[in-house]
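Given next are the chains, with one letter for each unit.
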Amino acid sequence: MRKMIITALAATALLLIPGAPVTAATDAHSHATAAAWCKKKQPSGRYYYQHKKHWDCISPGAFCSKEQRNDYGYSMRAAAHAKRYKCVRYPSNTWHWKPANA
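All values reported here derive from a predicted model rather than from experimental measurement.

Novice: So what about the nonpolar core? Which residues, and what values?
Specialist: Among the nonpolar cores identified, the biggest contains seven residues, and these are Trp55, Ile58, Cys64, Tyr85, Cys87, Trp95 and Trp97. Elements supplying a minimum of two residues to this core: strand E2 (54-58), strand E4 (84-89) and strand E5 (95-99).

So, in structure tokens, the structure goes:
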């Protein structure tokens, strides 16, 4: 228990230091965890892009745009074309990237 408290305090102290590096653990949605080919901002201002009939560099679980609905995409957090997702409509009437059935 004591180790957990000390670790938590140390992590908090790092966040308070100006100029401390932000890691993937503290910023889960950053592009630091993205594959290298997904770090380049596209002309659209976004990091994902359409490639032929699919989308590359999508964020699993994220909202889909209108142009992506019912399309397939590949995760930015995996090797190229390793994890396939589909933009599907949820019961809440929102569209999200969900793992595609194999």
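Novice: So, the state of the cysteines: which residues are in play, and what are the values?
Specialist: For the structure on display, the rule yields two disulfides. A sulfur-sulfur separation of 2.0 Å characterises the disulfide bridge that pairs Cys38 with Cys57. The sign of the S-S torsion, about -80°, decides the handedness of the disulfide formed by Cys38 and Cys57: left-handed. Here the residue Cys38 occupies a position in the loop between helix H1 (2-16) and strand E1 (49-51), and Cys57 occupies one in strand E2, the gap between them amounting to 19 residues. On the accessibility criterion, Cys38 (0% relative accessible area) is buried. In this structure Cys57 comes out as buried when scored by relative accessible area, which is 4%. When the cysteines engaged in disulfides are numbered in sequence order, the protein pairs them as 1-2, 3-4.

Novice: I'd like a rundown of unusual backbone geometry, residues and numbers included.
Specialist: A positive phi angle is found at Lys52, which is not glycine, with a value near 55°. Looking at the element boundaries, Lys52 is found in the loop between E1 and E2. Backbone geometry places His81, a non-glycine residue, at a positive phi of 60°. For His81, the location among the structural elements is in the loop between strand E3 (72-75) and E4. The partly exposed category is assigned to His81, whose relative accessible area is 43%.

Novice: Before we move on, can you summarise the sheet that holds E3 with the specific residues and values?
Specialist: Ordered by their spatial adjacency, five strands build an open sheet running E1-E2-E3-E4-E5, and the pairing between neighbours is mixed. The strands lining the two open edges of the sheet, one partner per strand, are E1 and E5. Put simply, the sheet's adjacent strands are angled 40° from each other on average, direction ignored. Direction of pairing for E4 relative to E5: antiparallel, over a ladder of five bridges. Bridge pairing links Cys87 to Trp97 in E5.

About the criteria used
- Residues numbered from 1 in each chain as written.
- Predicted model: local features only at pLDDT ≥ 70, side-chain atom pairs only at ≥ 80, totals over all residues.
- Heavy atoms only, no water.
- Core = buried A, V, L, I, M, F, W, Y, C linked by side-chain atoms within 4.5 Å.
- Buried < 20%, exposed > 50% of the residue type's maximum accessible area, 1.4 Å probe, protein only.
- Helix = DSSP H or I, 4+ residues; strand = E, 2+ residues; numbered from the N terminus.
- Disulfide = S-S within 2.5 Å.
- Pairing = 2+ DSSP bridges.
- Axes fitted to C-alpha atoms, helices over the stretch in contact; angles between N-to-C directions.

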